[in-house]
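Descriptive structure summary
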Amino acid sequence: MMIQEKRELRKKRNKLKRVNRIKTGIITFVGLYMLFSMIMTTVLTFKVVSLQRQINVITGKESGTVETQEVAAESEDETYLTMYATAEDNLADPDDTLKVYLTFDDGPSSNTSEILNILDDYGVKATFFVVGKEDEEYKELYKRIVDEGHTIGMHSYSHKYSDIYSSLDAFASDLDRIQNLIYDITGTDCLYYRFPGGSSNQVSNVEMSRYISYLNDNNITYFDWNVSSGDATSQAYSPDELVENVMNDVVKYKTSVVLLHDADAKDATVAALPQLIESLQAQGAVILPISDDTTLIQHVTID
Ligand code: ZN
């Protein structure tokens, strides 16, 4: 009887051990499975965030390149454009001769010579707000801009918002660099400036009024725009639409400063240019290069 009981007890104990071993196995398996799931979830979350960021850069919602940066800064400008719509002294009367200033930002680029050729075909002068590029082919383009009677303006050397808008010192040394480059290549003492993103940009770490005073102190005039072609936005406007965007607004103002872009990717702008010039001329507008006589179009001013 005793032996029988002992055997039963040992059997039970062994069974219990086996059950425990299986339990431990299941718990370990479930634990590892959960850990693996958590790691995979984390990895996938990172992947999704990074892909979303890439999508935003591509569609222009986030600062990634010069062009998308411009979009980010420009999209804030609607309030200023609306302000211009109600700026009494610049509202056109029906018998006014419209003055239109075509301005090209971000060049020189692979499109500059074609833009210059088209302007030359129509005998039209424009304004180029250029950035710093030192290759020989670009030096020729700065020269062509000046030699062919267009106005050359500065649009910063680096066009890096994170640099030029980080401090007044950084802004000043960048300005010095582009001014010297233009002087060395063309002999022009350049006194016109367009802030990357406009004076109304929302990205500067320093109050824009400090940069504006700096320009004023150095006798440099900055121009923003009151008519935007839309060629900086992520939306791919057709050449016809770019012309339409400009024509819809140009008729409102005595003086229109039109924002266009001279960058490698801006083929639609080049394609739109002949039709734009013809439409403006058909409207009776005079197309002029920016000069000291140009009515100031500035988003933000200081007294
Ligand atoms: Zn720009």
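Note that this is a predicted model, so its numbers are computed, not measured. (Residues numbered from 1 in each chain as written. Predicted model: local features only at pLDDT ≥ 70, side-chain atom pairs only at ≥ 80, totals over all residues. Heavy atoms only, no water.)

1. A closer look at the overall build of the protein chain
- When its secondary structure is counted, the protein chain shows 10 helices and 8 strands.
- Sequence-distant contacts in the protein chain: of pairs separated by 6 or more residues, those separated by 24 or more amount to 80%.
- Only carbon and sulfur atoms are counted for the fraction: they give 53% of the accessible area of the protein chain, which is about 16,600 Å². (Helix = DSSP H or I, 4+ residues; strand = E, 2+ residues; numbered from the N terminus. Contact = heavy atoms within 4.5 Å. Areas by Shrake-Rupley, 256 points an atom, 1.4 Å probe, with all protein chains shown as cover.)

2. Quick word on the pairing of strand β1 (residues 99-105)
- Most of β1 is tucked away: 6 of the 7 residues are buried.
- The sheet contact formed by β1 and strand β8 (residues 286-287) spans 2 bridges and is parallel. When the sheet's bridge partners are listed, V100 is paired in β8 with I287. (Buried < 20%, exposed > 50% of the residue type's maximum accessible area, 1.4 Å probe, protein only. Pairing = 2+ DSSP bridges.)

3. So, the nonpolar core
- Formed by 55 residues in total, the largest nonpolar core has its most connected members in L102 and F195.
- Discounting residues that sit within four places of it in the chain, F195 has contacts with H155, Y165, F171, M208, Y211, I212, L215 and Y222.
- Residues F129, Y192, V257 and I290 belong to the second largest nonpolar core, which totals 9 residues. (Core = buried A, V, L, I, M, F, W, Y, C linked by side-chain atoms within 4.5 Å.)

4. Concerning unusual backbone geometry
- P108 follows G107 through a cis peptide bond whose omega is 0°.
- For P108, the position within the fold is in the loop between β1 and α4 (112-122).
- For N219, which is not glycine, the phi torsion reads 65° and is therefore positive.

5. Quick look at the side chain of Q298
- Along the chain, Q298 falls in the segment after β8.
- Of the polar contacts made by the side chain of Q298, one reaches the backbone oxygen of Y222; its length is 3.0 Å. (Polar contact = N/O pair within 3.5 Å; in protein donor to acceptor, adjacent residues only side chain to side chain.)

6. Some thoughts on the pattern of salt bridges
- A full pass over the atoms with the stated rule returns 5 salt bridges.
- Residue R194 is joined to D105 by a salt bridge in which the shortest nitrogen-to-oxygen separation is 2.8 Å. In this pair, R194 is assigned in the loop between β4 (192-193) and α8 (208-217) and D105 in strand β1, connecting sequence segments 89 residues apart.
- For the salt bridge of R144 with E148, the shortest nitrogen-to-oxygen distance reads 2.6 Å.
- A relative accessible area of 24% means that R144 is categorised as partly exposed. (Salt bridge = Lys/Arg side-chain N within 4 Å of Asp/Glu carboxyl O.)

7. Topic: the packing of aromatic side chains
- With the rule as written, the count across this model stands at 11 aromatic pairs.
- Geometrically, the ring pair formed by Y161 and Y165 is edge-to-face, given 5.8 Å between the ring centres and 80° between the ring planes.
- Ring plane angle 70° and centroid distance 5.6 Å describe the contact between F171 and Y193, whose orientation is recorded as edge-to-face. A residue pair is termed long-range when its members are at least 10 positions apart, and F171 in helix α7 (residues 168-186) and Y193 in strand β4 qualify at 22 residues.
- For F171, a relative accessible area of 1% gives the class buried.
- Note on Y193: relative accessible area 0%, which makes it buried.
- Members of the aromatic cluster, connected to one another through ring pairs, are Y161, Y165, F171, Y193, F195, Y211, Y214 and Y222. (Phe/Tyr/Trp six-rings, centres within 6.5 Å; stacked < 30°, edge-to-face > 60°.)

8. So, helix α10 (residues 267-282)
- The terminal C-alpha atoms of α10 lie 24 Å apart, and with 16 residues this matches the ideal 22 Å at 1.5 Å per residue to within 8%.
- The largest bend in α10 is about 40°, located at L273, with the proline P274 one to four residues further on.
- Buried within α10 are the following residues: T269, V270, A272, L273, L276, I277 and L280.
- Each element contacted by the buried residues of α10 is listed here: β1, α4, α9 (239-250), β7 (255-261) and β8.
- At the exit of α10 stands G284, carrying a positive phi of roughly 85°. (Expected span 1.5 Å × (residues − 1). Bend = angle between axes of the 7 residues up to and from the residue.)

9. Here's the deal with a positive patch on the surface
- Taken together, the side chains of K6, R7, R10, K11, R13, K15, K17, R18 and R21 make up a positively charged region of the molecular surface.
- Within the secondary structure layout, K6 lies in helix α1 (residues 2-59).
- A residue is classified by how much of its surface remains accessible, and K6, at 56% relative accessible area, is exposed. (Patch = residues over 30% accessible without salt bridge, like charges linked within 9 Å, V, L, I, M, F, W, Y side chains within 5 Å. Lys, Arg positive; Asp, Glu negative; His and termini not counted. Charge placed at Lys NZ, Arg CZ, Asp CG, Glu CD.)

10. Regarding α7
- Taking 1.5 Å as the rise per residue, α7 with 19 residues should run 27 Å; its terminal C-alpha atoms sit 27 Å apart, in good agreement.
- For α7, the complete set of buried residues consists of A170, F171, A172, D174, L175, I178, Q179, L181, I182, I185 and T186.
- Downstream of α7 by a residue or two, G187 has a phi angle that is positive, lying close to 75°.

11. Regarding the pairing of strand β2 (residues 127-130)
- Burial of β2 is two-sided: the residues T127 and F129 facing one way and the residues F128 and V130 facing the other way are all buried.
- Here β1 pairs with β2 via 3 bridges, running parallel. Directly across from T103, in β2, lies its bridge partner T127.
- Summarising the sheet, β2 and strand β3 (residues 151-154) pair through 4 bridges and their orientation is parallel. Of the residues in β3, the one forming a bridge with F128 is I152.
- The parallel pair β2 and β3 is bridged by helix α5 (residues 136-147), and the resulting crossover is right-handed. (Right-handed = clockwise from strand over helix to strand, strands pointing away.)

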